[in-house]
Protein chains: 2
Amino acid sequence: MAAFSFNKLVIFGVGLIGGSLARALRERAGLAGRVVGVGRSVRSVERALELGVIDEAAALGDDIALAQALQCADIVLIAAPVAQTGPLLARIAPFLDARTIVTDAGSTKSDVVESARQALGARIEQFVPGHPIAGRESSGVDAALPELYVDRNVVLCPMPENAPDNVERIASMWRATGACVREMSETQHDRVFASVSHLPHVLSFALVDQILATPDAELKFSFAAGGFRDFTRIAASSPEMWRDICLANRAALLAELDDYTAVLARFRAAIDASDGAALEAAFARSRVARKEWQERGGIKPSGDAVAK
Amino acid sequence: MAAFSFNKLVIFGVGLIGGSLARALRERAGLAGRVVGVGRSVRSVERALELGVIDEAAALGDDIALAQALQCADIVLIAAPVAQTGPLLARIAPFLDARTIVTDAGSTKSDVVESARQALGARIEQFVPGHPIAGRESSGVDAALPELYVDRNVVLCPMPENAPDNVERIASMWRATGACVREMSETQHDRVFASVSHLPHVLSFALVDQILATPDAELKFSFAAGGFRDFTRIAASSPEMWRDICLANRAALLAELDDYTAVLARFRAAIDASDGAALEAAFARSRVARKEWQERGGIKPSGDAVAK
């Protein structure tokens, strides 16, 4: 496992995710390479410059600045909403050095791979799809932390076209932040996250939506307690981000939703039949699994609660 | 609002709920009345005696001890699983003084009222149904706290047969613990709690159940993060307790489940149609409502996280 170093890292979207990577590589790993931040406008990355998270800022719309930013870049990270990944890659493609490795931080991967293939064409071999599993309730570069990725999973979904060395280089970058790098196919990634992340978000939004649609919503909210609080914490997540994830991971999410609906129908039948034994058995299995998950380490909070 | 005092309080089931009431009345309100704990056997209430939470212990099966325990009691609290409320009231009925007020702490109310009517007959006027909305992750008398009810809601569901003075007496007892007493019908109670408590528990158990049934459950759990952690915390709740609640509140819970399934079907259709605007609008409404709920005070944790 080679130690990681870089001369120039270019980050598209210097918010929590991109900003934390830059801070981790500088402050945690002590690396001295140049970090360039690119935003829609120079103003949108000015705060990152002010905070010293990046060394240089460039505007996406400025061809000359963009070309300069990408010149001799070792690594490009796309840390933008998944729906923007395709357009961003298409914008970058004409200015991309042949030796630059591009990676991303999107929450879904099949759609990203598809749009990357369209945007990059033959240069798809330069793109290593990735997904760091980390977040905070607060967002933006002011929330960026050098320790955000410590003991977190980062998933890479290498493609047949990727040179193994390029995949290893992106893996070693993430390991330098303290993360644990794991590989899987983009299909497997999307199925796993549809199940443990995207579906629970939809279910949580749906519960609040259901209550809101009833005439005694206020009364219900006034009696909501700890179970409701935890179950619906993720219903306060970003509507735009979760709209995009639902659309980007549509197929896998629909499959999980249908499967979940079938489980609910089974529970419903047991309640309807007053089948206490079936309910208790199912609840007991879930309880054991949930407790074991927690005991195996569950998920360690970093800073404040993780929002993903 | 008359100050509360009592000469003799009898608690059936001296665990977290009953024990915290006793401790609150003594330690928080500084009241000096006698507290008698009744358990299946004297041994099961010995720990409460040891801790000084009660003054006297009696065994449910012992007619003479039970008659003595109930003699001249001002108030009887049934703090046992809802399924046991009917049998307990039937057991108590023959020994009940005409001036004793009986109340309970069950999580469901329509079924409790029905079984109380059967068990108490004409003495139903002595029974004031109640539900303190408080809990901790730990249970048993060792977890009892004098502050458990401070700023918590206690719901009373007065019946037409209750004398207003008796209802007020139970209300003043709970207010002495620091709780906020609210009244509603048992039907309304069961609908509200089916919505904000019972349904989320079933939904949370169902998600873990769904994952467990898949061949890659271990892989999925290994990538579960903060959203999963919070969403499924209540899936570690007591299977017996939640089996009983599901059965006791069957009708209201089935109605909520069906309503929820309809909301999910609506969300599914929007995802299937890639209707981003509909998804974003629904998510945004939920987010605003969830944030407002939190800002209005949400629910204050007491000691450790509230489990209900």
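Residues numbered from 1 in each chain as written. Chains lettered and ligands numbered in written order. Predicted model: local features only at pLDDT ≥ 70, side-chain atom pairs only at ≥ 80, totals over all residues. Heavy atoms only, no water.

Attention now moves to the overall build of chain A. When helices and strands are counted, chain A shows 12 helices and 9 strands. Expressed as lengths along the three principal axes of its C-alpha atoms, the size of chain A is roughly 70 × 40 × 35 Å. Sorting the 308 residues of chain A into buried and exposed places 58% on the buried side. When contacts within chain A are restricted to residue pairs at least 6 apart in sequence, those whose partners lie at least 24 apart make up 76%. Surface accessibility of chain A: about 11,500 Å² in total, with carbon and sulfur atoms responsible for 51%. Distance between charge centres in chain A, computed from 33 positive and 38 negative side chains, equals 3 Å. (Helix = DSSP H or I, 4+ residues; strand = E, 2+ residues; numbered from the N terminus. Buried < 20%, exposed > 50% of the residue type's maximum accessible area, 1.4 Å probe, protein only. Contact = heavy atoms within 4.5 Å. Areas by Shrake-Rupley, 256 points an atom, 1.4 Å probe, with all protein chains shown as cover. Lys, Arg positive; Asp, Glu negative; His and termini not counted. Charge placed at Lys NZ, Arg CZ, Asp CG, Glu CD.)

Before going further, it helps to examine the pattern of salt bridges. Taken as a whole, this structure holds 46 salt bridges over all chains when the rule is applied. Residues arginine 233 of chain A and aspartate 230 of chain B are paired through a salt bridge, measuring 2.3 Å at the closest nitrogen-oxygen approach. Taken as a pair, arginine 233 of chain A in the loop between helix H9 (226-231) and helix H10 (239-248) and aspartate 230 of chain B in helix H9 (residues 226-231) lie in two separate chains rather than in one. For the pair shown, arginine 233 of chain A and aspartate 230 of chain B are each scored as buried. With a shortest N-O distance of 3.2 Å, arginine 285 of chain A and aspartate 209 of chain B are connected by a salt bridge. In this pair, arginine 285 of chain A sits in helix H12 (residues 276-295) while aspartate 209 of chain B sits in helix H7 (residues 186-212), so the two residues belong to two different chains. (Salt bridge = Lys/Arg side-chain N within 4 Å of Asp/Glu carboxyl O.)

Where a protein is soluble and globular, its nonpolar side chains tend to be buried together. In this structure, Tyr260 of chain A together with Tyr260 of chain B are the most contacted members of the largest nonpolar core, which totals 82 residues. If you look at the next biggest cluster of nonpolar residues, it comprises 38 residues, including Phe4, Ile17, Ala134 and Leu145 of chain B. (Core = buried A, V, L, I, M, F, W, Y, C linked by side-chain atoms within 4.5 Å.)

Right, let's get into the sheet that holds strand S3 (residues 56-59) of chain B. The strand order across the open sheet formed by 6 strands is S3-S2-S1-S4-S5-S6 (chain B), and the pairing between neighbours is parallel. Edge strands, defined here as strands with exactly one partner in the open sheet, are S3 and strand S6 (127-128) of chain B. (Pairing = 2+ DSSP bridges.)

Here we come to the sheet that holds strand S7 (residues 130-132) of chain B. All names here are of chain B. Spatial ordering of the open sheet is given by S7-S8-S9, a layout of 3 strands whose pairing is mixed. Bordering the open sheet on either side are S7 and strand S9 (180-183), each of which pairs with just one other strand. Going from strand to strand, the sheet's axes swing by 20° on average, the running direction of each strand aside. Examined bridge by bridge, strand S8 (residues 153-156) and S9 share 4 bridges and lie parallel to one another. Bridge pairing in S9 links leucine 156 to glutamate 183. (Axes fitted to C-alpha atoms, helices over the stretch in contact; angles between N-to-C directions.)

Moving on to the pairing of strand S8 (residues 153-156) of chain A. Burial of the side chains of S8 of chain A extends over both faces: Asn153 and Val155 of chain A are buried on one face and Val154 and Leu156 of chain A on the other. With respect to chirality, the unit in which S8 of chain A leads through helix H6 (residues 164-176) of chain A into the neighbouring parallel strand S9 (residues 180-183) of chain A is right-handed. (Right-handed = clockwise from strand over helix to strand, strands pointing away.)

As a further point, take the domain arrangement of chain A. Residues and elements named next belong to chain A. Annotation of chain A at the domain level lists domain 1 (8-184) and domain 2 (189-295). With centres defined by C-alpha atoms, the gap from domain 1 to domain 2 works out at 32 Å. Counting residues at the interface gives 14 residues for domain 1, matched by 10 residues for domain 2. In this assembly, domain 1 packs against domain 2 so that about 920 Å² is buried in total across both faces, 66% of it on carbon and sulfur atoms. Interface area lost by domain 1 to domain 2 is led by Ser107, Thr108 and Met184, which between them contribute 41%. Taken together, domain 1 and domain 2 are joined by 0 salt bridges. Inspection of the region where domain 1 meets domain 2 yields 3 residue pairs in polar contact (both at pLDDT 80 or more). Among the residues making up the side of domain 1 that touches domain 2, the classes are represented as 7 nonpolar, 4 polar and 3 charged. (Domains from an automatic or database assignment. Buried area = accessible area lost by both parts, 1.4 Å probe. Polar contact = N/O pair within 3.5 Å; in protein donor to acceptor, adjacent residues only side chain to side chain. Nonpolar A, V, L, I, M, F, W, Y, C, P; charged D, E, K, R; others polar.)

Another point: the packing of helix H11 (residues 250-272) of chain B against helix H12 (residues 276-295) of chain B. Residue and element names in this part refer to chain B. Between H11 and H12, the least distance of the axes is 8 Å, while the angle of their chain directions is 140°. In terms of axis orientation, H11 runs oblique to H12. Listed contacts from H12 to Phe267, Ala270 and Ile271 of H11 are Ala278, Leu279, Ala282 and Phe283. In the contact of H11 with H12, the residues fall into 7 nonpolar, no polar and no charged. (Parallel < 35°, antiparallel > 145°, perpendicular 65-115°, else oblique.)

Overall, the coordinates contain 15 aromatic pairs over all chains when judged by the stated rule. An angle of 65° between the planes, with centres 6.0 Å apart, marks the rings of phenylalanine 221 of chain B and phenylalanine 228 of chain B as edge-to-face. Among the residues examined, phenylalanine 221 of chain B registers a relative accessible area of 3% and is labelled buried. Phenylalanine 228 of chain B gets classed as buried once you look at its relative accessible area, which sits at 1%. Three or more aromatic residues joined by ring pairs make a cluster, and in this case those are Phe205 of chain A together with Phe267 and Phe283 of chain B. We note arginine 182 of chain B situated over the ring of phenylalanine 223 of chain A; from NZ or CZ to the ring centre the distance is 4.0 Å. (Phe/Tyr/Trp six-rings, centres within 6.5 Å; stacked < 30°, edge-to-face > 60°. Lys NZ or Arg CZ within 6 Å of the ring centre and 35° of its normal.)

Bringing the interface of chain B and chain A into the picture now. The interface of chain B with chain A comprises 91 residues on the first partner and 91 residues on the second. Together, the buried faces of chain B and chain A total about 8,600 Å²; carbon and sulfur atoms form 64% of this surface. Three residues, Phe223, Arg229 and Arg290 of chain B, lead the burial of chain B against chain A; their summed loss comes to 9% of the area buried on that side. At the boundary of chain B with chain A, the tally comes to 44 residue pairs in polar contact (both at pLDDT 80 or more). Put simply, the parts of the chain that give the side of chain B that touches chain A at least two residues each are S8, H7, helix H8 (217-223), H9, helix H10 (239-248), H11 and H12 of chain B. Considering every element that reaches the side of chain B that touches chain A, the biggest residue donor is H7 of chain B, with 19 residues. Across the side of chain B that touches chain A, the residue classes break down as 48 nonpolar, 17 polar and 26 charged.

This part is about the confidence of the model for chain A. Residue-level pLDDT values for chain A average 94, and 96% of them are 70 or greater. Predicted confidence is poor over residues 301-308 of chain A, with pLDDT under 50, and the contacts of this stretch with residues over four places away or in other chains come to 35 contacts. (pLDDT = per-residue confidence, 0-100.)

What follows is about the relation of the copies chain B and chain A. Turning chain B through 180° and shifting it by 0.0 Å along the axis lays it on chain A, with an RMSD of 0.1 Å. In the structure described here, the two chain copies are related by an operation that fits a two-fold rotation axis. Scanning chain B for the C-alpha nearest the rotation axis identifies phenylalanine 231 of chain B, at a separation of 2.2 Å. A high fraction, 100%, of the interface residues of chain B reappear at the interface in chain A, so the copies pair face to face through one surface. (Least-squares fit on C-alpha atoms with pLDDT ≥ 70 in both.)

Peptide bonds are mostly trans, and most non-glycine residues show a negative phi. Residue and element names in this part refer to chain A. Its identity as a non-glycine residue notwithstanding, cysteine 72 has a phi of 60°, on the positive side. Within the secondary structure, cysteine 72 sits in the loop between helix H3 (63-70) and strand S4 (75-78). Exposure remark for cysteine 72: the relative accessible area of 47% places this residue in the partly exposed category.

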